[in-house]
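# Results of the structural survey
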Amino acid sequence: QDGGHPLPTEGSVAAARRAIEIATPSGPDDLLVVLLSGGGSALMALPASGVAVADKHQTARTLMEQSADIYELNTVRKHLSAIKGGQLAAAARGTVLTLAVSDVVGDGLSVIASGPTVADESTYANALAVLNAHGGEGAYPRAVVERLRRGAAGDVPETPVSGDVGLQRAISRVIRSQRRALNGAELGGEDL
């Protein structure tokens, strides 16, 4: 089953579960290579406990309709996920090498596909602030708001941050920047 884009589907959940199934049994001598590109946030979506894929779908749709930018959208996505915001890399015991093709201004690794293999410095409080800036908490599913409030209160662990032990063996590189892709398109595809 194919994943959905720009909104997640049950196929997106199946893809995320498969990624976790591959990462989790890795051993200390294993190398997990992760190739990321734009669209990964929707194509690989594993809802956090208590959040349904329909809740994530509605939340993403509302944020897009409310003109949230990709940084805001992915801040919320990471805090409603069991794979984004460094959680995929934290599930692996081996080395994780991420090669990313950026579709975001600034090429931020924590934003490309919602950064499943890199540290996430955003917080549940940041995610709640995004909801409040884009329609208010009442515009979003109850399960989403409850999850973010519980996280902001410290009842749910934050996503892995810089220095987290689960990310010590994670290496990430942008192999194609958003700017270079735009320049290539301007030149007729010569630099793509």
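Residues numbered from 1 in each chain as written. Predicted model: local features only at pLDDT ≥ 70, side-chain atom pairs only at ≥ 80, totals over all residues. Heavy atoms only, no water.

Moving on, we come to empty space enclosed by the protein. On inspection of all chains with the given rule, the structure shows one cavity of 30 Å³ or more. Volume-wise, the largest cavity comes out at about 40 Å³. Around the largest cavity, the lining residues are P8, S41, A42, A45, K56, A60, R77 and K84. Listed by contribution, the elements that provide at least two residues to the lining of the largest cavity are α2 (40–43) and α3 (53–65). Looking at side-chain class alone, the lining of the largest cavity contains four nonpolar, one polar and three charged residues. (1 Å grid on protein atoms, 1.4 Å probe; cavity = no way out; pocket = protein on both sides within 12 Å on 5 of 7 lines; lining within 4 Å. Points joined across faces, edges and corners; volume = space filled by probe spheres on them. Helix = DSSP H or I, 4+ residues; strand = E, 2+ residues; numbered from the N terminus. Nonpolar A, V, L, I, M, F, W, Y, C, P; charged D, E, K, R; others polar.)

This brings us to helix α6 (residues 124–133). Every buried residue belonging to α6 is among Y124, A127, L128, V130 and L131, and all of these are buried. When α6 is viewed along its axis, its buried side chains cluster within an angular range of 155° and face the same direction. Next to the buried residues of α6 lie α3, α4 (70–79) and α7 (142–152). Count one or two residues on from α6 and you reach G135, which has phi positive near 110°. (Buried < 20%, exposed > 50% of the residue type's maximum accessible area, 1.4 Å probe, protein only. Arc of directions from axis to C-beta. Contact = heavy atoms within 4.5 Å.)

The next thing to look at is the side chain of T117. Following the sequence through the fold, T117 ends up in the loop between β2 (95–101) and α6. A relative accessible area of 2% places T117 in the buried class. Of note is the side chain of T117, whose polar atom sits 2.6 Å from the side chain of T98. If sequence neighbours within four positions are ignored, T117 has contacts with V34, L36, G86, L88, A89, V96, T98, L167, A170 and S172. (Polar contact = N/O pair within 3.5 Å; in protein donor to acceptor, adjacent residues only side chain to side chain.)

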